[in-house]
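Secondary and tertiary structure notes
The chain contents come next:
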Amino acid sequence: MKHALIGLLALAGSSLAAPLAAAPLVPVPASLNDKAGVVCIKVSPKGTVSDVFVVQSTGDGTADADMIDWVRTLSWPVAKPGDTTRKTWQPLPVAMGKAAVPELPESCAPPRAAR
């Protein structure tokens with residue numbers, strides 16, 4: 001694994017911008033080099049990613065799985081009283097290297113269960 005050149009790991013346009021500032025980044029899998037995507041995440045009150053799924057990406061299945069695993073390693077500060085951004089689905093743009101960040105979705109709902 002290499003340390004990625006982070007093109008953007010910002011929460012631009014998201015209500016998470018102020019309360020959810022991620023801790024220092026961990027090494028990124030090579031499969032994510034020059035890849036981008038949008039994941040939807042839920043962050044627990046303790047600051048850990050409790051759930052995540054890929055909404056859109058420029059990678060393949062391996063890169064998507066690695067993106068999910070990588071995002072799960074991120075952590076945020078413990079929630080302050082009244083923080084309403086925790087335990088709700090929020091979009092998180094992720095871009096590594098030279099990849100352009102896709103547009104954020106209108107909403108971040110989990111995928112429907114197969115019937």
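These notes cover the structure that comes with them.

The rules we used
Residues numbered from 1 in each chain as written. Predicted model: local features only at pLDDT ≥ 70, side-chain atom pairs only at ≥ 80, totals over all residues. Heavy atoms only, no water. Helix = DSSP H or I, 4+ residues; strand = E, 2+ residues; numbered from the N terminus. Buried < 20%, exposed > 50% of the residue type's maximum accessible area, 1.4 Å probe, protein only. Contact = heavy atoms within 4.5 Å. Areas by Shrake-Rupley, 256 points an atom, 1.4 Å probe, with all protein chains shown as cover. Core = buried A, V, L, I, M, F, W, Y, C linked by side-chain atoms within 4.5 Å. Disulfide = S-S within 2.5 Å.

1. Some remarks on the overall build of the protein chain
Regarding its fold elements, the protein chain presents 1 helix and 4 strands. In sequence order, the protein chain lays out its α and β elements as β-β-β-α-β. Looking at the 115 residues of the protein chain, the share that counts as buried comes to 35%. Across the protein chain, contacts joining residues at least 24 apart in sequence account for 71% of those joining residues at least 6 apart. For the protein chain, the exposed surface amounts to about 6600 Å²; the carbon and sulfur share of it is 56%.

2. Some words on the nonpolar core
Counting residues in hydrophobic clusters, the biggest one holds 16 residues, and the most contacted among them are Leu-32, Val-39, Ile-41, Trp-70, Val-71 and Val-94. Of all the secondary-structure elements, those providing two or more residues to this core are strand S2 (36-43), strand S3 (49-57), helix H1 (61-72) and strand S4 (90-96). Here the element with the most residues in this core is H1; it accounts for 4 residues. Not counting residues up to four positions away in its chain, the partners in contact with Val-39 are Val-52, Phe-53, Val-54, Val-55, Met-67, Val-71, Gln-90, Pro-91, Leu-92, Val-94 and Cys-108.

3. Here we look at the side chain of Ser-44
Structurally, the position occupied by Ser-44 is in the loop between S2 and S3. For Ser-44, a relative accessible area of 12% puts it in the buried group.

4. Description of the environment of Val-49
With respect to the helices and strands, Val-49 occurs in strand S3. Owing to a relative accessible area of 10%, Val-49 belongs among the buried residues under this scheme. The spacing of Val-49 and Val-71 is 22 residues in sequence and 7.5 Å in space, taken between C-alpha atoms. Once residues within four sequence positions are removed from consideration, Val-49 is found in contact with Ile-41, Lys-42, Val-43, Val-71, Arg-72, Leu-74 and Trp-76.

5. So, the environment of Val-43
Mapped onto the fold, Val-43 is located in strand S2. You can call Val-43 buried: its relative accessible area is 1%.

6. Considerations on the state of the cysteines
Applying the stated criterion to the full structure yields 1 disulfide. For Cys-40, the disulfide goes to Cys-108, at an S-S distance of 1.7 Å. Across the S-S bond of Cys-40 and Cys-108 the torsion is about -90 degrees, and the bridge reads as left-handed. Taken together, the positions of Cys-40 in strand S2 and Cys-108 in the segment after S4 put the pair 68 residues apart, joining distant regions of the chain. Here Cys-40 and Cys-108 have matching classes, each one buried.

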